Amino acid sequence: MKNIDKELIEWAINRIETEFKGEISLLLGRKGACKTPEDRDDMALDFFIPACDHGYSLARTFIIEDMGYDLFPMSWKRVEGLSTLNEGIAFCLADSEILYARNDADRERFELLRKTLFNNLKNKEFIYIKSLEKINSAMDLYKTMVFEKSLSNIRKAAGGIIEYLSEALAIINGTYLKRDYGYSQRVEQIKSFQKIPAAFLENYEEILRAKNNETIFKAVHNLTGETREFFEEFAPERNLKSYNFDELAGWYEEARYTFRRIAYACKNNKYIECFHLGGYLQVEFDILTEEAGLDKMDLLGIYDVNDLSTFEKRAEEIEEYIVYEIKKHGGVLRKYDNLEEFLEKQI
């Protein structure tokens, strides 16, 4: 079929300048926008940014001959979100060309957001955090997928997980997923990344070829697990100089009673108490490892319903370690031998 991209751009600009005068900030286009190679890579309409509510009325979806078109709006707020990688369509900001601008201020605003996007992609701490957001989104999908029985729903979830993890890989490599001639090119882009998990593409291919639920579950599990481990090497060094160990002392003063409850439960074979109190403290320990830079403190890993003495011993070791770190860093524990001493110190 005849390529009519040029004519459609002229049509859109004419409408903007006549029917929507002053109501459209920008009209954007991209080469090869969501087309197949046989459709040519001419500049094509992509999206526009309205300047007011009525401007949204410019939006159109239509078919001419065998080609579908979508002239869609994006608010300035949404485009700002693209500059901070809130969506997987950062290419709309990165690769678009301004076909029409209401004024220089709108043009400059867009170019500033584009510059912000590229600057963000150079910020190691920023891209690490954004990548983790994508991985967390993949994990949320995975949690739902494992309870699905429909092959269609499982494949749908697997596709979403691949999308989020691919975005995470692109971001951590300082770039974004491009959208030129489709997903086959996406795979080629992933291959070009400087760093990717060793079996990422292998597991990706396994999902594409899978014919049953079990094969997809296994491949998605491997894909997600390997990607999570891969990202550990990108974790920025924590700046713990400003951590206030008096806060840790306050935490421990409250937690002392939980340690006491665990000791009692272990001695009296109350394994239910041990399990749940251990779970509560494990959450707290993991937070302290992250925020205070303490060593990994694994309490639940040692839990054994048939031998609570080892659980009790590990809890005691962790408690001693925390007290040691508090004193080592100058934290002050408010500890008294008896009520009289406590009351005396309150004066």
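In this text the structure is predicted, and so the values were computed from the model without any measurement. (Residues numbered from 1 in each chain as written. Predicted model: local features only at pLDDT ≥ 70, side-chain atom pairs only at ≥ 80, totals over all residues. Heavy atoms only, no water.)

Asker: How would you sum up the environment of Leu-223? Please name residues and give values.
Answerer: Residue position: Leu-223 is located in helix H9 (residues 213-230). For the pair Leu-223 and Ile-207, spaced 16 residues apart in sequence, the C-alpha to C-alpha distance is 9.4 Å. Leu-223 has contacts with Ile-162, Leu-165, Phe-200, Asn-203, Tyr-204 and Ile-207, leaving out every residue within four places of it along the chain. (Helix = DSSP H or I, 4+ residues; strand = E, 2+ residues; numbered from the N terminus. Contact = heavy atoms within 4.5 Å.)

Asker: Could you give an account of the packing of aromatic side chains, with specific residues and numbers?
Answerer: A full pass over the atoms with the stated rule returns 15 aromatic pairs. On the basis of an interplanar angle of 55° and a centroid distance of 6.5 Å, the ring pair of Phe-118 and Tyr-176 is categorised as tilted. One end of the pair, Phe-118, is in helix H4 (residues 104-120); the other, Tyr-176, is in the loop between helix H6 (151-172) and helix H7 (183-192), and 58 residues separate them in sequence. According to the relative accessible area criterion, Phe-118 is partly exposed, its value standing at 33%. Ring centres 5.5 Å apart and planes at 85° place the aromatic pair Phe-230 and Phe-231 in the edge-to-face group. Residue Phe-230 shares its accessibility class with Phe-231, and that shared class is buried. Chaining the aromatic ring pairs together yields one cluster made of Trp-251, Tyr-252, Phe-259 and Phe-285. (Phe/Tyr/Trp six-rings, centres within 6.5 Å; stacked < 30°, edge-to-face > 60°. Buried < 20%, exposed > 50% of the residue type's maximum accessible area, 1.4 Å probe, protein only.)

Asker: I'd like a description of the confidence of the model for the protein chain, backed by residues and values.
Answerer: Low pLDDT means the predicted coordinates in that region are not meant to be read closely. Per-residue pLDDT for the protein chain averages 91, and the proportion of residues at 70 or more is 95%. The spread of mean pLDDT over the elements of the protein chain runs between helix H13 (residues 339-345), the lowest at 84, and H4, the highest at 98. (pLDDT = per-residue confidence, 0-100.)

Asker: So what about the pattern of salt bridges? Which residues, and what values?
Answerer: In this structure the tally under the stated criterion is 21 salt bridges. For Glu-317, the salt bridge identified is with Lys-313, shortest N-O distance 2.6 Å. Separated by four residues within a single helix, Glu-317 and Lys-313 lie in helix H12 (residues 308-328), roughly one turn from each other. Take Glu-317: its relative accessible area is 35%, and that puts it in the partly exposed class. Lys-313 sits in the partly exposed class, given a relative accessible area of 49%. (Salt bridge = Lys/Arg side-chain N within 4 Å of Asp/Glu carboxyl O.)

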